[in-house]
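Survey of secondary and tertiary structure
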Amino acid sequence: MVPVKKKRVIIEIEQNAYEQIYQALERFGDYEIGGMLVGYKKGDSYFPIANATVADDVGSFNIAAFIREPIKSMKILLRAFKRKGYNYIGEWHSHPKFKLYPSTADIETMKAILDDPGYGVNFALLVITKFRKGKVDMAGFLFHKDMSQFVEASVSGNNLRMGQIDLTV
Ligand SMILES: [Zn+2]
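Residues numbered from 1 in each chain as written. Predicted model: local features only at pLDDT ≥ 70, side-chain atom pairs only at ≥ 80, totals over all residues. Heavy atoms only, no water.

**Some words on the coordination of the zinc ion**
- Note on the zinc ion: its protein donors are His93 (NE2), His95 (NE2), Asp106 (OD) and Asp106 (OD). The metal-donor distances range over 1.9 to 2.6 Å.
- Mapping the donors of the zinc ion onto the primary sequence yields the spacing H-x1-H-x10-D. Of this pair, His95 sits in the loop between strand S4 (87-94) and helix H4 (104-115) while Asp106 sits in helix H4; the two residues are 11 residues apart in sequence, bridging distant segments of the chain.
- By relative accessible area, which is 0% here, His95 ends up buried.
- Residue Asp106 is classed as buried on the basis of its relative accessible area, which comes to 2%. (Donors = N, O, S within 2.8 Å, 3.2 Å for Na, K, Ca; no water. Helix = DSSP H or I, 4+ residues; strand = E, 2+ residues; numbered from the N terminus. Buried < 20%, exposed > 50% of the residue type's maximum accessible area, 1.4 Å probe, protein only.)

Here you go:
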């Protein structure tokens, strides 16, 4: 395999997206919840996330279910965002009762997204989050078509308002 050139990528959760995640975590409590991360490209390797959608139309909060079942409606949403100049950045969901690390189902879901021409992306970010002491804890993982393993990102500036996800890919 050709070695991939290292590059620093910064993904910033903007206030609007942060509040969408905060409110969903507050509302769903011990149930898993998630959705899409939608943002735009600013410069070469800076991706602000403007929107975190919430898949709250789904009855089952099983992680695999809420990402896979509504895939059709997500694609409709995705096209609407694209018309406004936004790009699909990835997925987010909560792990209210277990650690902020991708499960086997999470990894399979992310790989399926990269293989799906409907998304048409080379990379996708997975943000796993939970509420802890009134604060949103986040972990970021980057999945890339050229990499057999995902990359764990460091999440910095994770204060009450927003988080910045720092990646070296
Ligand atoms: Zn998960």
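**Some thoughts on the nonpolar core**
- Membership of the largest hydrophobic core comes to 24 residues, with the highest contact counts inside it found for Ile21, Leu37, Ile49, Trp92 and Leu125.
- Elements represented by at least two residues in this core include exactly strand S1 (8-13), helix H1 (15-28), strand S3 (46-52), S4, strand S5 (123-132), strand S6 (135-144) and strand S7 (151-156).
- Among the elements that take part in this core, H1 stands out by supplying 6 residues, more than any other.
- Leave out the neighbours within four places in its chain, and Ile49 touches Ile11, Glu12, Ile13, Glu14, Ala17, Leu37, Val38, Gly39, Ile89 and Leu125. (Core = buried A, V, L, I, M, F, W, Y, C linked by side-chain atoms within 4.5 Å. Contact = heavy atoms within 4.5 Å.)

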